[in-house]
Amino acid sequence: MAEDELAARKNDHLDIVLDPARTKRHGNTGFAAFAFEHCALPELHLQQIDLGTSFLGRILRAPLLISSMTGGPARAATINRHLAEAAQALGIALGVGSQRIALETGADHGLTRQLRQLAPDVPLLANIGAAQLAAGFGLEEARRAVDMLEADALIVHLNPLQEAVQPEGDRDWRGVLSAIGRLTARLDVPLVVKEVGAGISAPVARRLIEAGVAVIDVAGAGGTNWVTVEAQRARTPARKQVALAFADWGIPTAEALREVRQACPGTPLIASGGIRDGVDVAKAIRLGADLAGQAAAALPGALHSSEAVIEHFNVIIEQLRIACFCTGSADLAALRLARIRQVAPPH
């Protein structure tokens, strides 16, 4: 696909995501079905609570990932620079958006080693699409994506529903799992597999782990709804109708997280998909996540400055700290044992 066509698609996506009136979320994430038991005697100093963790061999000051957002339009260079500066300042991980345009055309849109220079101390994750693996991307492209950023890991994103309803989507997904397996066997960095908002089930997660995948990002329903985004881009009323039938499709993030954690007890897990605040982050950690990822909510700030991104995530970090304080959790290990109850069915 030509660079201008890919860039136009990414611009469409960005414009729609930035306008909440043009899209809607997938129902709910499932986190509202759970509530922590309040601890009225925490016996802790709020500011001494330790939110630190490690990921991909690097130390994080909070269990957060700035999730993949964009890899195409001209605005991406600015967005990526602000996100990298913020990730470094905050001590949290950063995953970039799709590098397809950079790999196919050489137009990097800010996805260069400058990001590593801006964020030398935090995990940096490269990103390619599973559909491109089915279409011929292989070890060479994967290595280029990693080397382009000096990345610590490579994300392969799964988005079959989005591709199925997208006007110019990739419909042939045969051979994706075997292509992922070939990459895990020969790539020099760990492979992370994520969905983009419809969730990863326990059986799929097990197949991915058996293929050598190191980290799963369940990326469930409840956040940005890519079906309704693509419905906004539909070229005919009929295609829009086809897409909107799947507006509520997907596994809620909390449900996917619990099931994958049970099925893959030793696998590092990321919970993304509708993470709204630090309380959701705390619930995600308690239900089995190692990190929580957020993308769209940070996007408006990323357009303006790294300071705006820092301010956004500092709010989430403070909310997470208070959630730890009010559950009597001195650190994340204690938070994973905090008393929590299901107050409603997950759906």
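The name recorded for the chain in an unreviewed UniProt entry is Isopentenyl-diphosphate delta-isomerase, from Azotobacter chroococcum NCIMB 8003. Taken from UniProt, the Subcellular location (unreviewed entry) comment for the chain reads in full: "Cytoplasm". Listed under Sequence similarities (unreviewed entry) in UniProt, the entry text for the chain is "Belongs to the IPP isomerase type 2 family."

(A) Focus on the overall build of the chain. Within the chain, the secondary structure is distributed over 16 helices and 12 strands. A compact globule built from 347 residues would reach a C-alpha radius of gyration of about 20 Å, and the chain, at 19 Å, matches this within 12%. Its C-alpha atoms put the chain at 60 × 45 × 40 Å along the principal axes. The 347 residues of the chain split such that 54% are buried. For the chain, the exposed surface amounts to about 14200 Å²; the carbon and sulfur share of it is 52%. Charge centroids of the chain, computed over 34 positive and 37 negative side chains, lie 4 Å from each other.

(B) How the structure looks around the environment of His-109. Locating His-109 in the fold gives a position in the loop between α3 (100-105) and α4 (114-118). The exposure class of His-109 is buried, given its relative accessible area of 19%. When the C-alpha atoms of His-109 and Asp-277 are compared, they prove to be 29 Å apart, with 168 residues separating the residues in sequence.

(C) Spotlight on the pairing of strand β8 (residues 191-195). Of all five residues in β8, five are buried; the element is thus mostly enclosed. Neither face of β8 is left uncovered, since the one carrying Leu-191, Val-193 and Glu-195 and the one carrying Val-192 and Lys-194 both have all their residues buried. When strand β7 (residues 153-158) meets β8, the two strands line up parallel, connected through five bridges. Paired with His-157 across the two strands is Lys-194, which belongs to β8. Alignment of β8 against strand β9 (residues 215-217), held across three bridges, turns out to be parallel. Residue pairing across strands places Lys-194 opposite Asp-217, the latter belonging to β9. Crossover β8 to β9 through helix α9 (residues 202-210) is right-handed.

(D) Spotlight on the UniProt feature "binding site: Mg(2+)" (unreviewed entry) in the chain. What UniProt calls "binding site: Mg(2+)" (unreviewed entry) maps, in this numbering, to Glu-163. With respect to the element layout, Glu-163 can be found in helix α7 (residues 160-165). In this structure Glu-163 touches Ala-131, Gly-169, Asp-170, Arg-171 and Trp-173, once residues within four positions along its chain are discounted.

Rules used throughout
- Residues numbered from 1 in each chain as written.
- Predicted model: local features only at pLDDT ≥ 70, side-chain atom pairs only at ≥ 80, totals over all residues.
- Heavy atoms only, no water.
- UniProt positions renumbered as here; feature names shortened; annotations may be inferred.
- Helix = DSSP H or I, 4+ residues; strand = E, 2+ residues; numbered from the N terminus.
- Rg over C-alpha atoms; globule rule 2.2 N^0.38 Å.
- Buried < 20%, exposed > 50% of the residue type's maximum accessible area, 1.4 Å probe, protein only.
- Areas by Shrake-Rupley, 256 points an atom, 1.4 Å probe, with all protein chains shown as cover.
- Lys, Arg positive; Asp, Glu negative; His and termini not counted.
- Charge placed at Lys NZ, Arg CZ, Asp CG, Glu CD.
- Pairing = 2+ DSSP bridges.
- Right-handed = clockwise from strand over helix to strand, strands pointing away.
- Contact = heavy atoms within 4.5 Å.

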